[in-house]
Amino acid sequence: MAVEWKMPRRSERCVGCETAFEVGDVIFVSLYETADEGYERRDTCENCVIPDDPQRIGSWRTRRPEPSTPRTRPFDREALLGFFDRLAEPETLAQVQFRFVLALFLWRKKAIEFETSRPTDAGETWVFTQGERRIELERPPLDEDEVERLSLQLEELMQAGVPVDEASAEEPADA
Ligand SMILES: [Zn+2]
């Protein structure tokens, strides 16, 4: 079954108070699955909190970038690894896909290393390592082009953002 994953673009205004975002404003991004296996993104300002219902599959903090400004801020490796770990037990196909693409993103950023892939009854397992740690992932039904496209989209979506949610909020934010 082909699953169309279109990563939604950022919003022009807060979904809570409808204030237009200005360059440099802090934006909280929440990503949700939709009934048709697509994705919905909701951006809120610093002052608006949206309930976690339906449950979001991912959230992070970013700033509205300058138009067409190249990314210059460093990639926040620990934050993204933490985000990846919180999706350690994906329950839906969408979460499996999201986590797999996030793994590819981390691999691209050299935060984890690819070790091997091996066939399983269900398909294929990809094995990554992070130091002494082994990370095994089921490869979801995505073709190579989709994976490449999603990985680039994720990179674009993250931009200079740092993923945050309740679980990571207490962690120090130093680089
Ligand atoms: Zn708002």
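Residues numbered from 1 in each chain as written. Predicted model: local features only at pLDDT ≥ 70, side-chain atom pairs only at ≥ 80, totals over all residues. Heavy atoms only, no water.

Peer 1: Explain the coordination of the zinc ion to me, please; I cannot follow it from the model alone.
Peer 2: Tetrahedral coordination by four donors sets the ideal angle at the metal to 109.5 degrees; octahedral coordination by six donors sets it to 90 or 180 degrees. Listed as protein donors to the zinc ion are C14 (SG), C17 (SG), C45 (SG) and C48 (SG); their distances from the metal cover 2.3 to 2.4 Å. Geometry at the zinc ion is tetrahedral, judged from the four donor atoms that bind it and their angles of 106 to 116 degrees at the metal. When the donors of the zinc ion are listed by position in the chain, the intervening gaps give C-x2-C-x27-C-x2-C. Placement of C14 in the segment before strand 1 (26-33) and of C45 in the loop between strand 2 (39-44) and strand 3 (58-63) is noted, with a sequence separation of 31 residues between them. This pair shows no difference in class: C14 is buried, exactly as C45 is. (Donors = N, O, S within 2.8 Å, 3.2 Å for Na, K, Ca; no water. Tetrahedral: all angles 85-135°; square planar, octahedral: opposite > 155°, others 65-115°. Helix = DSSP H or I, 4+ residues; strand = E, 2+ residues; numbered from the N terminus. Buried < 20%, exposed > 50% of the residue type's maximum accessible area, 1.4 Å probe, protein only.)

Peer 1: In this structure, what is going on with the confidence of the model for the protein chain? I would like to understand it.
Peer 2: Atom-level detail of predicted coordinates should not be read off regions where pLDDT is low. Mean pLDDT over the protein chain stands at 75; residues scoring 70 or higher make up 74%. Every residue in residues 1-5 is under pLDDT 50, and counting partners more than four places away or in other chains gives 17 contacts. Predicted confidence for residues 162-175 stays below pLDDT 50, and this span has 20 contacts to residues more than four positions away or in other chains. (pLDDT = per-residue confidence, 0-100. Contact = heavy atoms within 4.5 Å.)

Peer 1: Can you help me understand the packing of aromatic side chains in this one?
Peer 2: Working definition: an aromatic ring pair is given by the centre-to-centre distance plus the angle between the planes. Under the defined criterion, the tally for this structure stands at seven aromatic pairs. With 5.6 Å between their ring centres and 70 degrees between their planes, F114 and F128 make a pair best called edge-to-face. Of the two residues, F114 is situated in strand 4 (residues 113-119) and F128 in strand 5 (residues 124-130); the sequence distance between them amounts to 14 residues. Between the aromatic rings of W126 and F128, the centroid separation amounts to 6.3 Å while the plane-to-plane angle is 40 degrees, which identifies the pairing as tilted. Like W126, the residue F128 is buried in the burial classification. By the ring-pair criterion, three or more aromatic residues cluster together here, those being F100, W107, F114, W126 and F128. Its end group placed over the ring of Y32, R42 keeps NZ or CZ at 4.2 Å from the ring centre. The side chain of R99 reaches across the aromatic face of F84, ending 4.0 Å from its centre. (Phe/Tyr/Trp six-rings, centres within 6.5 Å; stacked < 30°, edge-to-face > 60°. Lys NZ or Arg CZ within 6 Å of the ring centre and 35° of its normal.)

Peer 1: Explain unusual backbone geometry here, please?
Peer 2: Most peptide bonds are trans, and most residues other than glycine sit at a negative phi. You will see that E18, though not glycine, has its phi angle at about 65 degrees, which is positive. Relative to the elements of secondary structure, E18 occurs in the segment before strand 1. Of note, the phi angle at K110 is positive, near 65 degrees, even though the residue is not glycine. Mapped onto the secondary structure, K110 falls in the loop between helix 2 (93-108) and strand 4.

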